[in-house]
Amino acid sequence: MVPSEAYQSQKKGRKGAAYGVKTFFKASEEWQLISCGQGPKDVILERCLFKNRNADVFLVADAYQGSEIKSAVTDFLSAAAGKTSEEIRAKVNSADVSIAAGGAADLLAYVGHDAFMDFQIAPIAGTKGNKPRRTIILACVSKAFFSPYIGQTGAEPLLWTTGLMAPEAYTLKAALTGWIASEDDEAIRHRAAQAYDKYQKCGSRAALRLFATN
């Protein structure tokens, strides 16, 4: 199973950099950084590839130029719709592997600013595949703003938000841990909330209210 992720890259302070996807996952004992380099197209500043140390799961993390947020959400929704499938070749522990990413991934995540607070794009239609495509959207009030778009893609929401939030990597990591362990959606929601409260000190009840599942 291959989670794929698109996130917006911006200039951040020391705290933001520490909790960014690249830095946070690189420091994690559960994830191994396989490679990090130039993105496959100009709007993507950097692509990093991680492998989970306990399961055959890869994370493809694309960092978009902050001014290209429309491209970031368009690419995310296209992948959620099962389009723009991509095969990534990589060498992992001396072995050659092929990673199904983009629209071929099992789980797609968007982490960043809620672009649909500022503009709209044309819906991107998709269909349900033989295996469900799940989505995680860590952005402010993402359930309300992304819901019409996700409904068109045919993907199934796993985790999104009901209020303002800091879209940082510890929440994504917690959700992925539950997903890899095949936990149910509500258990994954609780994991995300616990991680968010740990770093944001907002209270467990407030954190749980912030996240929603399908």
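Scroll up for the structure.
As a starting point, this report considers the structure included with it. Because the structure is predicted, anything quoted here is derived from the model rather than measured. (Residues numbered from 1 in each chain as written. Predicted model: local features only at pLDDT ≥ 70, side-chain atom pairs only at ≥ 80, totals over all residues. Heavy atoms only, no water.)

1. With respect to the side chain of Thr153
Here comes step 1: Considering the arrangement of structural elements, one finds Thr153 in helix 4 (residues 142–153).
Here comes step 2: Among the polar contacts made by the side chain of Thr153, one reaches the main-chain amide nitrogen of Ala155 at a distance of 3.1 Å.
Here comes step 3: Not counting chain neighbours up to four residues away, the residues in contact with Thr153 comprise Leu77, Ala80, Ala81, Ile124, Gly126, Thr127 and Arg133. (Helix = DSSP H or I, 4+ residues; strand = E, 2+ residues; numbered from the N terminus. Polar contact = N/O pair within 3.5 Å; in protein donor to acceptor, adjacent residues only side chain to side chain. Contact = heavy atoms within 4.5 Å.)

2. Remarks on the pattern of salt bridges
Here comes step 1: Per the stated rule, a full pass over the model turns up 11 salt bridges.
Here comes step 2: The salt bridge partner of Arg134 is Glu156, with a shortest N-O separation of 3.7 Å. With Arg134 in strand 8 (residues 134–138) and Glu156 in strand 9 (residues 156–161), this pair connects stretches of sequence that are 22 residues apart.
Here comes step 3: With its nearest N and O atoms 2.5 Å apart, the salt bridge here joins Glu186 to Arg189. In this pair, Glu186 and Arg189 both sit in helix 6 (residues 185–200), 3 residues apart, roughly one turn of the helix.
Here comes step 4: Using a relative accessible area of 17% as the deciding quantity, one classes Arg189 as buried. (Salt bridge = Lys/Arg side-chain N within 4 Å of Asp/Glu carboxyl O. Buried < 20%, exposed > 50% of the residue type's maximum accessible area, 1.4 Å probe, protein only.)

3. Side note on the packing of aromatic side chains
Here comes step 1: One pass over the full model with this rule turns up 16 aromatic pairs.
Here comes step 2: Seen in terms of ring centroids, Tyr19 and Phe24 are 6.2 Å apart; in terms of plane orientation they differ by 70°. Their pairing is edge-to-face.
Here comes step 3: By relative accessible area, which is 15% here, Phe24 ends up buried.
Here comes step 4: With relative accessibility at 22%, the residue Tyr19 sits in the partly exposed group.
Here comes step 5: Taken together, the aromatic side chains of Tyr19, Phe24, Tyr170, Tyr196, Tyr199 and Phe211 make up a single cluster linked through ring pairs. (Phe/Tyr/Trp six-rings, centres within 6.5 Å; stacked < 30°, edge-to-face > 60°.)

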